[in-house]
Amino acid sequence: MRKKVFGVLQRIGRSFMLPIAVLPIAGMFLGIGSSLTNEATIASLGMESILGYGTILNQILTLLMAVGQTIFDNLPLIFAASVASGMAKKSKEVAVLSSIIAFFVMHSTLTFNGVINGNKVLVDAVDGTLINVYGQMSLQMGVFGGIIVGLGVSYLHNHFYQIQLPNFLSFFEGERFVPIISTIVK
(Lines give C-alpha, C1' and ligand atoms only; values in the text may rest on other atoms or scores of the structure.)
Protein backbone atom coordinates (compact mmCIF):
# COMPACT_ATOMS: atom_id res chain seq x y z
CA MET A 1 0.00 0.00 0.00
CA ARG A 2 2.77 2.44 0.95
CA LYS A 3 4.67 1.63 -2.25
CA LYS A 4 1.59 2.43 -4.30
CA VAL A 5 1.05 5.76 -2.50
CA PHE A 6 4.71 6.71 -2.88
CA GLY A 7 4.57 5.72 -6.55
CA VAL A 8 1.61 8.06 -7.14
CA LEU A 9 3.28 10.88 -5.23
CA GLN A 10 6.46 10.34 -7.23
CA ARG A 11 4.51 10.59 -10.52
CA ILE A 12 2.85 13.79 -9.30
CA GLY A 13 6.25 15.23 -8.40
CA ARG A 14 7.67 14.35 -11.81
CA SER A 15 4.71 16.00 -13.52
CA PHE A 16 5.52 19.24 -11.66
CA MET A 17 9.06 19.30 -13.03
CA LEU A 18 8.24 20.64 -16.50
CA PRO A 19 6.34 23.77 -15.45
CA ILE A 20 8.78 24.38 -12.62
CA ALA A 21 11.67 24.20 -15.12
CA VAL A 22 10.10 27.05 -17.10
CA LEU A 23 9.80 29.37 -14.08
CA PRO A 24 13.46 30.46 -13.82
CA ILE A 25 13.66 31.65 -17.42
CA ALA A 26 10.28 33.35 -17.12
CA GLY A 27 11.49 35.07 -13.95
CA MET A 28 14.69 36.16 -15.64
CA PHE A 29 12.79 37.57 -18.62
CA LEU A 30 10.41 39.42 -16.32
CA GLY A 31 13.15 40.71 -14.01
CA ILE A 32 15.59 41.83 -16.67
CA GLY A 33 12.85 43.35 -18.80
CA SER A 34 11.19 45.25 -15.99
CA SER A 35 14.42 46.49 -14.40
CA LEU A 36 16.00 47.70 -17.64
CA THR A 37 12.83 49.41 -18.86
CA ASN A 38 12.29 51.25 -15.59
CA GLU A 39 12.73 54.98 -16.18
CA ALA A 40 14.51 55.53 -12.86
CA THR A 41 17.01 52.75 -13.61
CA ILE A 42 17.66 54.05 -17.11
CA ALA A 43 18.18 57.60 -15.82
CA SER A 44 20.50 56.47 -13.00
CA LEU A 45 22.62 54.51 -15.49
CA GLY A 46 22.62 57.44 -17.91
CA MET A 47 21.56 55.19 -20.78
CA GLU A 48 18.54 57.06 -22.13
CA SER A 49 19.93 56.91 -25.68
CA ILE A 50 20.29 53.10 -25.58
CA LEU A 51 17.52 51.95 -23.22
CA GLY A 52 15.11 54.89 -23.43
CA TYR A 53 11.51 54.63 -24.57
CA GLY A 54 11.22 53.95 -28.30
CA THR A 55 14.67 52.43 -28.78
CA ILE A 56 15.03 48.98 -30.26
CA LEU A 57 16.62 47.63 -27.08
CA ASN A 58 13.73 49.02 -25.02
CA GLN A 59 11.23 47.27 -27.29
CA ILE A 60 13.12 43.98 -27.00
CA LEU A 61 13.26 44.27 -23.20
CA THR A 62 9.55 45.14 -23.11
CA LEU A 63 8.86 42.02 -25.17
CA LEU A 64 10.96 39.91 -22.77
CA MET A 65 9.00 41.32 -19.84
CA ALA A 66 5.70 40.52 -21.58
CA VAL A 67 6.81 36.94 -22.31
CA GLY A 68 7.80 36.36 -18.68
CA GLN A 69 4.55 37.86 -17.41
CA THR A 70 2.52 35.73 -19.83
CA ILE A 71 4.08 32.55 -18.46
CA PHE A 72 3.36 33.58 -14.87
CA ASP A 73 -0.21 34.63 -15.75
CA ASN A 74 -0.94 31.24 -17.32
CA LEU A 75 0.65 29.00 -14.69
CA PRO A 76 -2.68 27.41 -13.65
CA LEU A 77 -3.35 26.22 -17.20
CA ILE A 78 0.29 25.14 -17.65
CA PHE A 79 0.12 23.08 -14.43
CA ALA A 80 -3.23 21.53 -15.44
CA ALA A 81 -1.79 20.34 -18.76
CA SER A 82 1.51 19.21 -17.24
CA VAL A 83 -0.05 17.23 -14.40
CA ALA A 84 -2.51 15.54 -16.76
CA SER A 85 0.34 14.63 -19.11
CA GLY A 86 2.58 13.38 -16.32
CA MET A 87 -0.10 11.26 -14.68
CA ALA A 88 -1.62 9.76 -17.85
CA LYS A 89 -0.56 6.21 -18.58
CA LYS A 90 -1.06 6.29 -22.36
CA SER A 91 -2.19 8.83 -24.99
CA LYS A 92 -0.80 11.78 -23.05
CA GLU A 93 -1.82 14.27 -25.74
CA VAL A 94 -5.48 13.36 -25.17
CA ALA A 95 -5.02 13.96 -21.45
CA VAL A 96 -3.48 17.38 -22.12
CA LEU A 97 -6.32 18.45 -24.43
CA SER A 98 -8.90 17.13 -21.96
CA SER A 99 -7.26 19.04 -19.10
CA ILE A 100 -7.35 22.30 -21.09
CA ILE A 101 -11.03 21.76 -21.86
CA ALA A 102 -11.77 20.84 -18.24
CA PHE A 103 -9.87 23.93 -17.02
CA PHE A 104 -12.08 26.21 -19.13
CA VAL A 105 -15.22 24.33 -18.13
CA MET A 106 -14.28 24.56 -14.45
CA HIS A 107 -13.90 28.32 -14.64
CA SER A 108 -17.10 28.77 -16.63
CA THR A 109 -19.07 26.82 -14.03
CA LEU A 110 -17.49 28.34 -10.92
CA THR A 111 -20.11 30.88 -10.09
CA PHE A 112 -21.64 31.84 -6.81
CA ASN A 113 -25.34 32.19 -6.20
CA GLY A 114 -26.05 35.83 -6.80
CA VAL A 115 -22.38 36.89 -6.96
CA ILE A 116 -21.51 36.43 -10.64
CA ASN A 117 -23.89 36.59 -13.58
CA GLY A 118 -21.91 35.98 -16.76
CA ASN A 119 -19.08 38.50 -16.59
CA LYS A 120 -20.90 40.89 -14.28
CA VAL A 121 -20.16 40.85 -10.56
CA LEU A 122 -23.46 41.43 -8.77
CA VAL A 123 -22.29 41.63 -5.15
CA ASP A 124 -19.10 43.03 -3.67
CA ALA A 125 -16.70 40.17 -3.03
CA VAL A 126 -13.52 40.09 -0.97
CA ASP A 127 -10.64 41.55 -2.98
CA GLY A 128 -8.67 38.88 -4.78
CA THR A 129 -11.35 36.17 -4.68
CA LEU A 130 -12.67 36.83 -8.17
CA ILE A 131 -10.54 37.12 -11.27
CA ASN A 132 -10.98 37.37 -15.00
CA VAL A 133 -9.88 34.00 -16.40
CA TYR A 134 -9.64 34.07 -20.19
CA GLY A 135 -12.54 36.50 -20.51
CA GLN A 136 -14.88 35.21 -17.81
CA MET A 137 -15.20 36.07 -14.15
CA SER A 138 -14.39 33.15 -11.89
CA LEU A 139 -13.08 32.20 -8.50
CA GLN A 140 -9.34 32.80 -8.08
CA MET A 141 -8.06 29.22 -8.00
CA GLY A 142 -4.44 29.82 -9.00
CA VAL A 143 -1.99 27.00 -9.60
CA PHE A 144 -3.82 24.80 -7.08
CA GLY A 145 -6.89 24.84 -9.33
CA GLY A 146 -4.75 23.77 -12.28
CA ILE A 147 -3.23 20.92 -10.29
CA ILE A 148 -6.68 19.73 -9.18
CA VAL A 149 -7.93 19.81 -12.79
CA GLY A 150 -4.86 17.91 -14.00
CA LEU A 151 -5.22 15.23 -11.32
CA GLY A 152 -8.94 14.84 -11.97
CA VAL A 153 -8.52 14.59 -15.72
CA SER A 154 -5.64 12.13 -15.45
CA TYR A 155 -7.79 9.92 -13.20
CA LEU A 156 -10.65 10.05 -15.71
CA HIS A 157 -8.25 9.50 -18.60
CA ASN A 158 -6.64 6.43 -17.06
CA HIS A 159 -10.05 4.88 -16.42
CA PHE A 160 -11.82 5.73 -19.69
CA TYR A 161 -9.26 5.96 -22.53
CA GLN A 162 -10.03 2.37 -23.60
CA ILE A 163 -13.78 2.39 -22.99
CA GLN A 164 -15.99 0.42 -25.38
CA LEU A 165 -19.41 1.86 -26.19
CA PRO A 166 -22.39 0.39 -28.06
CA ASN A 167 -22.09 0.39 -31.87
CA PHE A 168 -24.24 3.46 -32.41
CA LEU A 169 -21.92 5.45 -30.11
CA SER A 170 -18.70 3.82 -31.28
CA PHE A 171 -17.39 7.10 -32.72
CA PHE A 172 -17.10 8.43 -29.15
CA GLU A 173 -15.34 5.44 -27.61
CA GLY A 174 -11.76 5.18 -26.46
CA GLU A 175 -9.67 8.35 -26.47
CA ARG A 176 -12.53 10.48 -27.85
CA PHE A 177 -14.55 9.76 -24.73
CA VAL A 178 -11.99 11.33 -22.37
CA PRO A 179 -12.67 15.02 -23.24
CA ILE A 180 -16.41 14.29 -23.08
CA ILE A 181 -16.32 12.74 -19.63
CA SER A 182 -13.88 15.43 -18.43
CA THR A 183 -16.33 18.12 -19.57
CA ILE A 184 -19.25 16.44 -17.84
CA VAL A 185 -17.40 15.81 -14.56
CA LYS A 186 -15.78 19.24 -14.26
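For the structure itself, consult the block above.
Since the model is a prediction, treat every value here as computed from it, not as a measurement.

1. Focus: helix α5 (residues 75-87)
Consideration 1: The terminal C-alpha atoms of α5 lie 18 Å apart, and with 13 residues this matches the ideal 18 Å at 1.5 Å per residue to within 8%.
Consideration 2: Residues of α5 that are buried: Leu-75, Pro-76, Leu-77, Phe-79, Ala-80, Ala-81, Ser-82, Val-83, Ala-84 and Met-87.
Consideration 3: Taken together, the buried residues of α5 touch α1 (2-36), α4 (56-73), α6 (92-109) and α7 (142-160).

2. Regarding the packing of α1 against α5
Consideration 1: Contact geometry for α1 and α5: axes closest at 8 Å, N-to-C directions at 140 degrees. By the angle between their axes, α1 is oblique relative to α5. For the element pair α1 and α5, the recorded crossing hand is right-handed. Contacts between α1 and α5 involve Val-8, Arg-11, Ile-12, Ser-15, Phe-16, Leu-18, Pro-19, Ile-20 and Leu-23 from the first element and Leu-75, Ile-78, Phe-79, Ser-82, Val-83, Gly-86 and Met-87 from the second.
Consideration 2: A class-by-class count of the residues in the contact of α1 with α5 yields 12 nonpolar, 3 polar and 1 charged.

3. As for the side chain of Thr-37
Consideration 1: With respect to the element layout, Thr-37 can be found in the loop between α1 and α2 (39-45).
Consideration 2: Residue classification places Thr-37 among the buried residues on the basis of a relative accessible area of 17%.
Consideration 3: Here Thr-37 is in contact with Ile-42, Asn-58, Leu-61, Thr-62 and Met-65, once residues within four sequence places are set aside.

4. Let's talk about the environment of Glu-93
Consideration 1: With respect to the helices and strands, the residue Glu-93 is situated in helix α6.
Consideration 2: Through-space distance from the C-alpha of Glu-93 to that of Ser-34 is 35 Å; in sequence the pair is 59 residues apart.

5. Things to note about helix α8 (residues 177-185)
Consideration 1: Inspection of α8 places Phe-177, Val-178, Pro-179, Ile-181 and Ser-182 among the buried residues, and these make up the whole buried set.
Consideration 2: Next to the buried residues of α8 lie α6 and α7.

Conventions used here
Residues numbered from 1 in each chain as written. Predicted model: local features only at pLDDT ≥ 70, side-chain atom pairs only at ≥ 80, totals over all residues. Heavy atoms only, no water. Helix = DSSP H or I, 4+ residues; strand = E, 2+ residues; numbered from the N terminus. Expected span 1.5 Å × (residues − 1). Buried < 20%, exposed > 50% of the residue type's maximum accessible area, 1.4 Å probe, protein only. Contact = heavy atoms within 4.5 Å. Axes fitted to C-alpha atoms, helices over the stretch in contact; angles between N-to-C directions. Parallel < 35°, antiparallel > 145°, perpendicular 65-115°, else oblique. Left-handed = near helix turned anticlockwise from the far one by under 90°. Nonpolar A, V, L, I, M, F, W, Y, C, P; charged D, E, K, R; others polar.

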